[in-house]
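# Structural description and commentary
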Amino acid sequence: MAEKTLVIYKPDAVRRNIIGEITTLFQDRGLKMVGAKLGWYSREFWEEFYAEHKGKDFFERLVNYMSSGPIFITVWSGDDAVRVGRQLAGATDPLQADPGSIRGRYGLPMPMNTVHCSDSLESAEREISLFFKTTKFLNGNKTS
Ligand code: CMP
């Protein structure tokens, strides 16, 4: 079923100039990029984005890392987009990820795992609206 998912190319990906390589992997799996922007977000933003991880021992490191530089934020549309994104990203920890996955190939020590992909349709909806509140996407659908 056609759905949308959010993929963030994290600061380590933008810094190393591997936006093209990552984008090709999603395109090769038949997904279409329907929204995209570069941005640089504050600690406060990431505290809200990652609210479910508040209190965990890595939370401060995660928020510091995500606010350390520019990110590339994308919305992908296509059949089973959420699951395809999770499969391409691979396991959260690059050391555990399949070497053929994005994190297995490009990931650095945690929390620098190169990409974030929405983990469910519900979180995709929430995350897309955090970044693209009033955006009309290429496929003609608004987020809200
Ligand atoms: P992401 O898929 O964006 O979701 C939460 C993020 O927290 C994760 O990728 C990592 O960047 C980070 N993270 C999760 N677990 C750990 C950990 N044990 N140590 C450091 N960072 C982590």
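How each quantity is defined
- Residue positions are counted from 1 within each chain, in the order its sequence is given.
- Side-chain atom pairs in this predicted model are given and counted only at pLDDT of 80 or more, local residue features only at pLDDT of at least 70, and totals for whole chains, interfaces and linings cover all residues.
- Each residue receives a C-beta atom placed from its backbone. It is near a molecule or strand if this atom lies within 6 Å of it.
- Nonpolar residues are Ala, Val, Leu, Ile, Met, Phe, Trp, Tyr, Cys and Pro. Charged residues are Asp, Glu, Lys and Arg, and all others, Gly as well, are polar.
- For two strands to be treated as a pair, DSSP must find no fewer than two bridges joining them.
- Runs of H or I in DSSP of at least four residues are treated as helices and runs of E of at least two as strands, each being numbered from the N terminus.
- Axis lines are fitted to C-alpha atoms, over the contacting stretch for helices. Their N-to-C directions set the angle, which ranges from 0 to 180 degrees.
- UniProt positions are given in the numbering used here, feature names are shortened, and annotations may be inferred rather than shown by experiment.
- Any pair of residues counts as being in contact when their C-beta atoms, constructed from backbone geometry, are within 7 Å of one another.
- The term nonpolar core refers to a group of buried residues, namely Ala, Val, Leu, Ile, Met, Phe, Trp, Tyr and Cys, whose C-beta atoms join them within 7 Å.
- Buried residues are those with 20 or more other C-beta atoms within 10 Å of their own C-beta, exposed residues have 12 or fewer, and partly exposed residues lie in between; C-beta atoms are placed from the backbone.

The subject of this paragraph is the site of the ligand. Taken together, H53, F58, R61, L62, T92, M110, P111, N113 and H116 make up all the residues around the ligand. Here the shell around the ligand is built from residues that sort into 4 nonpolar, 4 polar and 1 charged.

The next point concerns the sheet that holds strand β1 (residues 2-9). If you trace the 4 strands from one edge of the open sheet to the other, you get β2-β3-β1-β4, paired in antiparallel fashion. Because the sheet does not close on itself, it has two edges, and the strands there are β2 (32-39) and β4 (115-117). Strand-to-strand twist of the sheet, defined as the mean angle between neighbouring strand axes without regard to direction, takes the value 20°. The pairing of β1 with strand β3 (residues 71-79) spans 8 bridges and is classified as antiparallel. By the bridge assignment for β3, A2 is matched with D79.

Let's shift gears to the UniProt feature "active site" (unreviewed entry) in the protein. Mapped onto the present numbering, the UniProt feature "active site" (unreviewed entry) falls on H116. Turning to its location among the elements, H116 is positioned in strand β4. When residues no more than four places from it in sequence are discounted, the contact partners of H116 are I8 and K10.

This paragraph deals with the pairing of β3. Summarising the sheet, β2 and β3 pair through 7 bridges and their orientation is antiparallel. Bridge pairing in β3 links K37 to I73.

Quick look at the nonpolar core now. Note that soluble globular proteins tend to have their nonpolar side chains buried in a common cluster. The biggest cluster of nonpolar side chains holds 26 residues, and the ones touching the most others in it are V7, I8 and V115. Going through the elements one at a time, β1, α2 (19-28), β3, α5 (81-89), α6 (102-106), β4 and α7 (121-131) are the ones with two or more residues in this core. Per element, the largest residue contribution to this core is 5 residues, and it comes from α5. Not counting the four nearest positions on each side in its chain, V115 is found in contact with V7, I8, Y9, K10, A13, I22, A89, I102 and R103.

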